[in-house]
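If you want the building blocks of each chain, they are given just below.
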Amino acid sequence: MVSRKKRTAEPQNNVDENQEDQQEISPELESQAQAEEAEIEQEEPFDPETADGEALLAKYRELEAELSEAQERVLRTAADAENFKKRLQREKEEQTRYANESFIRELLTVIDNLERALEHSGSESDQEGLVEGLNMTLKSFLDTLTRFGCTQVEAEGKPFDPNFHEAVSQEESADHEPNTVLNELQKGYMLKERLLRPAMVLVSKRSSKQDTDSREQTTAENAESNSGEVKIKVKKG
């Protein structure tokens, strides 16, 4: 059976051979290595086949103590991991509970402006100022929504898009192309790339006069085409 001293000496010899071409080690490292080597030499190898009862009992107690220490370290590590998991869960719940804190703080300014506007609404002589204050408050509110990625859907004057618009009714219009949004009855909003609410819109359609003119034009074109065909046939005859 190979003794611990011999097993340790073999790697040390390899290290010494590999360091021949390198610079000399510092005195501190050299003395440290010598101390470790001396400590290893002083340790007696343990052979359970030749050891007596007292040595076996002492070795058993030593291994039992090491096992107990390892189990204690495992338990402490498991407890730390569980505490860390609980702390992360509490932080996550805290963040979810107060996720809208910054958004609500921004809205407080809008509320302040509305309250000021209502305070001045009692004076009938200052109706223009009231309207101006409400317009400024609305602009402040929309600016706050924009900062958080909420924007209005463009609708009026745009071609009808069922992905963003919801048609409430249609109206004949000779000034607009069919399926054009004539008016917004309720504005739509987007949150970044996601539709929060479609815009409720009034959509144009072809007028009766346009339909009549279109039918007459189609009839005239068909008649002219048929007339040309007859002439060609007569000429061939």
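Residues numbered from 1 in each chain as written. Predicted model: local features only at pLDDT ≥ 70, side-chain atom pairs only at ≥ 80, totals over all residues. Heavy atoms only, no water.

### Re the overall build of the chain
Next up, step 1: Within the chain one finds six helices and six strands.
Next up, step 2: Listing every helix and strand of the chain by position from the N terminus yields α-α-α-α-α-β-β-β-β-β-β-α.
Next up, step 3: The burial tally for the chain puts 11% of its 237 residues in the buried class.
Next up, step 4: Considering only contacts within the chain whose residues lie at least 6 apart along the sequence, 61% involve residues at least 24 apart.
Next up, step 5: Accessible surface computed for the chain: about 19700 Å², of which carbon and sulfur atoms make up 50%. (Helix = DSSP H or I, 4+ residues; strand = E, 2+ residues; numbered from the N terminus. Buried < 20%, exposed > 50% of the residue type's maximum accessible area, 1.4 Å probe, protein only. Contact = heavy atoms within 4.5 Å. Areas by Shrake-Rupley, 256 points an atom, 1.4 Å probe, with all protein chains shown as cover.)

### Focus: the environment of arginine 197
Next up, step 1: Within the secondary structure layout, arginine 197 lies in strand S5 (residues 194–197).
Next up, step 2: Sequence separation between arginine 197 and histidine 165 is 32 residues; the distance between their C-alpha atoms is 8.9 Å.
Next up, step 3: With residues near it in sequence (within four places) discarded, arginine 197 still touches Val153, Gln186, Lys187, Gly188 and Tyr189.

### Concerning helix H4 (residues 101–119)
Next up, step 1: Counted at 1.5 Å a residue, the expected span for H4 with its 19 residues is 27 Å, and the 27 Å between its end C-alpha atoms agrees.
Next up, step 2: Looking at the packing, one finds that the buried side of H4 touches helix H5 (127–147). (Expected span 1.5 Å × (residues − 1).)

### Structural notes on the nonpolar core
Next up, step 1: Ala155, Val181, Ala199, Val201 and Val203 form the largest nonpolar core, which has five residues in total.
Next up, step 2: For this core, the element with the highest residue contribution is strand S6 (residues 199–205), accounting for three residues.
Next up, step 3: Aside from chain neighbours lying at most four places away, what touches valine 203 is Phe160, Ala167, Ser169, Gln170, Glu171, Asn179, Thr180 and Leu182. (Core = buried A, V, L, I, M, F, W, Y, C linked by side-chain atoms within 4.5 Å.)

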